[in-house]
Amino acid sequence: MTPPENQMATLEDNNHLITTEYQLATLEENNQLITTPEYQMETFEENNHSMPAPETQPNKRRKRKSMVWEHFTIETVSAESRRAFCKQCKQSFAYSTGSKVAGTSHLKRHIAKGTCLALLRNQGNQQTPGTPGMNGNGSISDPPRRHYRSHSSAYISFDSDHCRPEIARMMIIHDYPLHMVEHSGFVTFLKSLEPRFDMVSFNIVQGDCVSSYLREKQNVMKFIEGLPGRVCLTLDVWTSSQSLGYVFITGHFIDGYWKPQRRILNVVMEPNPNSDAALSHAVATCLSDWSLEGKLFSITFNHPVGEPGLQNLRSLLSVKNPLIINGQLILGNCSARTLSNFAKDVLWAGRVIIKKVRYSVKYVKTSEFHEQKFLELKEQLQVPSEKDLSLDNQAQWNTTYQMLVAASELKEVFSCLDTSDPDYKEAPSMEDWKRVDIICTYLKPLFDAANFLASRTNPNQKTFFHEVWKMHELYHSITSHGDPFVISLAEIMQEKIDKYLKECILALAIAVVLDPRFRMKLIEFSFVKFYGKEASKYIKIVDDALHELFLEYAALPLPLTPAHAEDGNFENMKTEEISYNELTDFDAYVETTSQNMKSELEQYLEESLLPRFQEMDVLKWWEENRLQYPVLSKMARDILTMQVSTADPDSVFDTEIKELDEYRSSLRPETVEALVCAKDWLQYRSASEVSNNLVKVEDLRS
């Protein structure tokens, strides 16, 4: 009988062997390029036909050292195939076909994982080398826990501290409620995956989320510190059920590669969002947090602000930030919010008629019988409309516009339904349908402009100029109509579009001038239509502001151009300057005659317009021409960053201000900010990681 100490030694040796077997199995499964020396020798001998088969020359073949061969034998089943047979259950497994050797991972799993029932029956209380360990009562214990390969190290074991940041990341990315970590179902699920994991509480995961936010904030701060240009802010005010305001502040900028970028910088809770100091307090918080004093170019906000509130903002910025051309470009209203307000005014003017149309559409769409009858009438009347009727969502004005357009094209069918169906009441009259057409006429340019905003991630001033131009032309063309409803609506919309133009036309115009396809020519042409006889006065305002802006940028130090920086020619430039000190008289001559030379701006404005045959990336054009126009390219980089809208593409048509959900409103303000900002930042980091991984894969392939 084997002494106890020998049994323990055998058990330890076997467990060590088992762990080694599992490690080898993992290596073979994850990287089939890795083979053990004995299998390399076997493959070499099998492929070398000049040598005798291993069965005929056992002394010349290297002995197999793997413990798996104590349980398997190799038998030849055909000229090109050999299989491994289990000594216990006689089950066969692939071993080699021709020169291809299958390896031993699947054989080890058959033994080590206890799938061989015959082996389990035969071993009893005896320990068999290379098999799973036995516990004290004779039953099979769990096999050694496998170690998995990671990118940073060959093997890693379970680490509870590594899981906590991943849970916080999951909560942030997917907007899960933080209390989910205490839900019984989630706790049970995690325990089933890893019983040793120490469950976390709400307070712990909240702290982990804030920690993740602070780590990411350092990366974003370094990114913003290295920006070559200025930052434009958009302020999106949300409400909550507690009547609190949350100001979402997003920074927009052009990076060193001339690519537009955006990051949510702050979410500031304001107890009184309608106060005159609310927005100025939020902006002051952002400037302080991100050290943006001196870097701010413009602010676009979606919240109605009175003159006292605007004065507070201007006072703050005049102290914290040097204003460009006396702050004429610093503040602007959200165009998406402005369009929604215009649309609400049109819909309110026609609310009685729209109510009738909505009832008619509801009558048809909420009954299968009514809808079938409506379609039969449409076919009989041969109405060519392809539009489908649909009820509107009054929280989004575009759905009301689409409902009116579809119903207007089917007005003949509705009129016929009115006479054939006695249950159909409150049908619009023919006069009502005429007014529906007028309402759609006023809503269409608003719909087109809002669609333009919704289709672009970062709509800027230059691209929106054309949409404003179309609205102005339409609203000023509908004047000679005898219908009091139309006259009243025309007066309202003309007044509103004129007021909007007065507030934003300078920023829109300067952005258009920096498009090499238009320059000042489009401004001169369109202002004649905008202002008629007074066009020259407004053209001069734009021209003066443009020259003043150019002079301010010309006074700023120019950065080292990339051409010299990349080529390492900076030292050579210094040497050349030193060696030409004797040309000081020439420098003086250039300085005295430079006043007669044309500036960059004048040269740019006098050049021919570029063709407009296709969509053009204006920002890329300025990047490519930055050496020819070093000052103007800096101007263009900042001006083309200005935003005309604060709304996300999916909320452009909203008629109500967004409201923070009840759960987020119950969290601390700093937690809300951490969750919102960290989610925004992590998506850019994930995209960067994917890009870097793709680059690494391409490098490996090449």
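Every chain is numbered on its own, with residues counted from 1 as its sequence reads. Per-residue local features of the predicted model are confined to residues with pLDDT of at least 70, and side-chain atom pairs are confined, for both listing and counting, to 80 or more; whole-chain, interface and lining totals are unaffected and use all residues. As a rule here, side-chain values come from all non-hydrogen atoms in the structure, and water together with hydrogens is ignored.

### Focus on the overall build of the protein chain
Counting its regular elements, the protein chain contains 27 helices and 9 strands. Only protein chains enter the accessibility calculation, which uses a 1.4 Å probe. A residue is then buried if its area is under 20% of the maximum for its type, exposed if over 50%, and partly exposed in between. Residues counted as buried form 43% of the 702 residues belonging to the protein chain. In what follows, residue pairs with any heavy atoms lying within 4.5 Å of each other are defined as contacts. The contacts of the protein chain with a sequence gap of at least 6 include a subset with a gap of at least 24, amounting to 68%. We get accessible surface area from the Shrake-Rupley algorithm with a probe of 1.4 Å; when it comes to residues, only the shown protein chains can shield them. Carbon and sulfur atoms form 53% of the exposed surface of the protein chain, whose accessible area is close to 38400 Å². Numbering of helices and strands runs from the N terminus, with a helix taken as a DSSP run of H or I at least four residues long and a strand as a DSSP run of E at least two residues long.

### Quick look at the sheet that holds strand β1 (residues 72-78)
Two orientations exist for strands paired in a sheet by backbone hydrogen bonds: parallel and antiparallel. On the basis of which strands lie adjacent, the open sheet formed by 4 strands has the order β1-β2-β3-β4 and antiparallel pairing. Edge strands, defined here as strands with exactly one partner in the open sheet, are β1 and β4 (100-101). The angle between two axes is taken between their N-to-C directions and runs from 0 to 180 degrees, where each axis is a line fitted to C-alpha atoms and a helix contributes only its stretch in contact. The strands that helix α3 (residues 105-112) touches are β1, β2 (81-86) and β3 (92-97); relative to β3, the one it contacts most, it runs at about 165°. At least two DSSP bridges between two strands are needed for those strands to be called paired.

### Describing the pairing of β3
By the bridge criterion, 5 bridges tie β2 to β3 in an arrangement that is antiparallel. Bridge pairing links phenylalanine 85 to serine 92 in β3. Taking the residues that link successive antiparallel strands as the turn, the β2-β3 hairpin has 5 residues, and the phi of lysine 90 there is positive, at about 65°. By the bridge criterion, 2 bridges tie β3 to β4 in an arrangement that is antiparallel. Across the sheet, residue serine 96 finds its bridge partner in β4, namely valine 101. Between β3 and β4, which pair antiparallel and follow one another directly, the connecting turn spans 2 residues, one of which, glycine 98, has a positive phi of 65°.

### A closer look at the confidence of the model for the protein chain
One confidence number per residue, pLDDT, is output by the predictor and ranges from 0 to 100. Here the protein chain shows a mean pLDDT of 79. Residues at 70 or above account for 75%. Predicted confidence for residues 690-702 stays below pLDDT 50, and this span has 0 contacts to residues more than four positions away or in other chains.

### Focus on the packing of helix α14 (residues 411-420) against helix α15 (residues 430-454)
Two elements in contact, α14 and α15, have axes separated by 11 Å at closest approach and are oriented at 160°. In terms of their interaxial angle, α14 and α15 are classed as roughly antiparallel. In the packing of α14 onto α15, the handedness of the crossing is right-handed. Residues Lys411, Phe414 and Ser415 of α14 pack against Met430, Trp433 and Asp437 of α15. For this scheme, ten residues count as nonpolar: Ala, Val, Leu, Ile, Met, Phe, Trp, Tyr, Cys and Pro. Four count as charged, namely Asp, Glu, Lys and Arg, and the remainder, Gly too, count as polar. Split by residue class, the contact of α14 with α15 holds 3 nonpolar, 1 polar and 2 charged. Working rule for angles: under 35 degrees goes down as roughly parallel, over 145 as roughly antiparallel, 65 to 115 as roughly perpendicular, anything else as oblique. Handedness of a crossing follows from how the near helix is turned relative to the far one, being left-handed for an anticlockwise turn of less than a right angle and right-handed for a clockwise one.

### Observations concerning the pattern of salt bridges
Criterion for a salt bridge: a side-chain nitrogen of Lys or Arg within 4 Å of a carboxyl oxygen of Asp or Glu. Under the defined criterion, the tally for this structure stands at 21 salt bridges. Of the charged contacts in the structure, one is a salt bridge between lysine 679 and aspartate 175, with a shortest N-O distance of 2.6 Å. Of the two residues, lysine 679 is situated in helix α27 (residues 669-701) and aspartate 175 in the loop between α5 (160-174) and α6 (184-193); the sequence distance between them amounts to 504 residues. Looking at aspartate 175, the relative accessible area reads 39%, which means it is partly exposed. Lysine 470 is paired through a salt bridge with glutamate 467; the nearest N and O atoms lie 3.3 Å apart. On the criterion of helical spacing, the pair formed by lysine 470 and glutamate 467 is a turn pair, its members being 3 residues apart in helix α16 (residues 461-477). Looking at lysine 470, the relative accessible area reads 43%, which means it is partly exposed. The class for glutamate 467 is buried, based on a relative accessible area of 9%. Connected through salt bridges with shared partners, the residues Asp175, Arg664 and Lys679 form a single ionic network.

### Focus on the sheet that holds strand β5 (residues 231-239)
The mixed open sheet is built from 5 strands, whose spatial order is β7-β6-β5-β8-β9. Each of the sheet's edge strands pairs with one partner strand only, and the pair in question is β7 (260-270) and β9 (331-333). Looking at each pair of strands side by side, their axes are set apart by 25° on average, direction ignored. Across 5 bridges, β5 lies against strand β8 (residues 296-301) in parallel orientation.

### Comments concerning empty space enclosed by the protein
Gaps between atoms show up when a probe of the same size as a water molecule is rolled over them. Two kinds of site are reported from a 1 Å grid over the protein atoms alone, namely cavities, where a 1.4 Å probe fits but cannot get out, and pockets, open sets with protein on both sides within 12 Å along at least five of seven lines, and residues are called lining when an atom falls within 4 Å of a point. Grid points are joined across faces, edges and corners, and a volume is the space filled by probe spheres set on the points. On inspection of all chains with the given rule, the structure shows 5 cavities of 30 Å³ or more. Reported here for the largest cavity is a volume of approximately 120 Å³. Only β5 and α10 (335-349) provide two or more residues apiece to the lining of the largest cavity. For the lining of the largest cavity, a count of residues per class yields 7 nonpolar, 4 polar and 5 charged.

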